[in-house]
Amino acid sequence: MEITNVMEYEAVAKQKLPKMVFDYYASGAEDQWTLKENREAFSRILFRPRILIDVSRIDMTTTVLGFKISMPIMIAPTAMQKMAHPEGEYATARAASAAGTIMTLSSWATSSVEEVASTGPGIRFFQLYVYKDRNVVAQLVRRAERAGFKAIALTVDTPRLGRREADIKNRFTLPPFLTLKNFEGLDLGKMDKADDSGLASYVAGQIDRTLSWKDVKWLQTITTMPILVKGVLTAEDTRLAIQSGAAGIIVSNHGARQLDYVPATITALEEVVKAAQGRLPVFLDGGVRRGTDVFKALALGASGIFIGRPVVFSLAAAGEAGIRNVLQMLRDEFELTMALSGCTSLKEITRSHIVTEAERNRPVPRL
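Source: prediction; values computed, not measured.

A. Fine view of the packing of helix H2 (residues 19-26) against helix H13 (residues 309-341). The geometry of H2 relative to H13 is characterised by a closest axis approach of 10 Å and an angle of 155° between their N-to-C directions. With respect to H13, the axis of H2 lies roughly antiparallel. Along the contact surface, H2 presents Phe-22, Tyr-25 and Ala-26, while H13 presents Arg-309, Val-312 and Phe-313. For the contact of H2 with H13, the class distribution of residues is 5 nonpolar, no polar and 1 charged.

Here is the structure:
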C-alpha cells in the first residue's frame, strides 16, 4: 500500500506490532476524550488565505533556542522505541538529523544518551523525568550534557501516571529483551510485572511526586542547558514558568495520556501564548498529523511543534525510512499550506490567517 499521509502509518503499525505494544503507543487516559479532542480541535480552525502573493520561494527555516533548523517540525520524546523497531531511537536520531530538525530523547528510551549521540551529528534535546533519587537525576543530566544534548525538556505533568486502561488490561511491561538504557547501570532499567500496568507501578516507585517550581530552579544549578517546561496548559503556569527561569514552554497534555478532559493543546495554546507575552518561545505537541495543523499552531503563536505518535507508528511500519517519510510529508504539506495561504516565511504567518470556531459563532455586526 502506498502511504500518502501521516495517519496511514497507524494502521500499518497496528498490523505489525504485538497488541500490548501498539496499545501502549496508541492509547490515552480513561475515556480518551482528550485523545480524540487533540485531533478534532484542529478541524474546527479554518483558514483565511491571502491570494495573489508571489509564493515562488518559500522559507520554512527557523531557530529554536538559537539552533537553526530546516522547519518548525520537531520530534517529541516517546518512550521505548525499540518495542516498535529493533533500531529504535537510533533510527529516529538519524531521520531527524537527515531532515535538519531536532529530536527529543525520552528518559525512558531503550537506547542511552551516549548511544544516540554515537549515531552522528544532530541537534538533540533530552526529556527528563525527575526521580526520587536526585543523584540519579543529576547524573543523567550530566551524561546528556556530555553527550552533546542541547536542552532539557522537563516533563511536569506526571507526578503520577495517568490511568491508561489498555495498559491495565494488557498488563503492560517492557519486553524482557529490552531495558530503559539510561538507567541500566543504576538498577532502574527493568520494569517488574504488575497486577495492572507495569509502567504505572514503576512510576509510583521511582518518580518524585514532590516535584515543584523550586526544582526547576534547582535544575538550573546543575546544568547550563536551557530548560523547556513540558506540560503547561494555563496562563497561571506560564507566568510561573517565566518566574522560574524556563527557557521555553511546551504546551502539552502528554498525548492525552495523563489527565483526561483537559483541552486539546491547540485549544490551550493561545492562552499560554498571550500570558508569555513574547518573553519565551511557546511550542506545542499533541494531535499534529498534517501540515495544515502545523500552520494553525504557528498562526496561534507557537514557535514550532513536536510530533510523537507519528514517529513510533512510522518507525514500526518502515524503520528509519518511515520516520524520514513522515517528516518529509509534513514538510511538503506545510510548505503547500503556506503557499496557498500567501505566506513565504514563518514570520508572515499571522493570527489573521485563521479563524477559530468561537470567532465564527460571534454575531457579525451589520455594516
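Back to the text.
B. Quick look at the packing of aromatic side chains. Evaluated as defined, the whole model comprises 11 aromatic pairs. Each ring, one from Tyr-24 and one from Tyr-25, has its centre 5.7 Å from the other, and the planes form 55°; the classification is tilted. Taken individually, Tyr-24 and Tyr-25 each receive the classification buried, so the pair is uniform in this respect. Summarising the aromatic geometry, the rings of Tyr-131 and Tyr-202 are spaced 6.3 Å apart at their centres and angled 75° between planes, so their arrangement reads as edge-to-face. Taken as a pair, Tyr-131 in the loop between strand S6 (124-128) and helix H6 (134-146) and Tyr-202 in helix H8 (residues 198-206) lie far apart in primary sequence, 71 residues in all. Ring pairs connect the aromatic residues Trp-108, Tyr-129, Tyr-131, Phe-183 and Tyr-202, which therefore count as one cluster. In this structure, Lys-296 packs its charged tip against the face of Phe-47, placed 5.3 Å from the ring centre.

C. Expanded view of the environment of His-353. Looking at where His-353 falls in the secondary structure, it is placed in the loop between H13 and strand S12 (354-355). Put simply, His-353 and Pro-49 are 304 residues apart on the chain and 6.0 Å apart in space, counted from C-alpha to C-alpha.

D. Structural detail: helix H3 (residues 33-43). Every buried residue belonging to H3 is among Thr-34, Glu-37, Asn-38, Ala-41 and Phe-42, and all of these are buried. The arc that holds every buried residue of H3, seen down its axis, measures 130°, which confines them to one face. Residues of H3 that are buried make contact with helix H11 (265-276), strand S10 (282-285) and helix H12 (291-299).

E. Structural context of the pairing of strand S9 (residues 248-251). By the alternation rule, side chains of S9 split into Gly-248 and Ile-250 and Ile-249 and Val-251, which are all buried. Of the pairings in the sheet, the one linking strand S8 (residues 227-232) to S9 comprises 4 bridges and is parallel in character. Bridge pairing in S9 places Leu-228 opposite Gly-248. With helix H10 (residues 235-243) bridging S8 and its parallel neighbour S9, the resulting β-α-β unit is right-handed.

Rules behind the numbers
Residues numbered from 1 in each chain as written. Predicted model: local features only at pLDDT ≥ 70, side-chain atom pairs only at ≥ 80, totals over all residues. Heavy atoms only, no water. Axes fitted to C-alpha atoms, helices over the stretch in contact; angles between N-to-C directions. Helix = DSSP H or I, 4+ residues; strand = E, 2+ residues; numbered from the N terminus. Parallel < 35°, antiparallel > 145°, perpendicular 65-115°, else oblique. Contact = heavy atoms within 4.5 Å. Nonpolar A, V, L, I, M, F, W, Y, C, P; charged D, E, K, R; others polar. Phe/Tyr/Trp six-rings, centres within 6.5 Å; stacked < 30°, edge-to-face > 60°. Buried < 20%, exposed > 50% of the residue type's maximum accessible area, 1.4 Å probe, protein only. Lys NZ or Arg CZ within 6 Å of the ring centre and 35° of its normal. Arc of directions from axis to C-beta. Pairing = 2+ DSSP bridges. Right-handed = clockwise from strand over helix to strand, strands pointing away.

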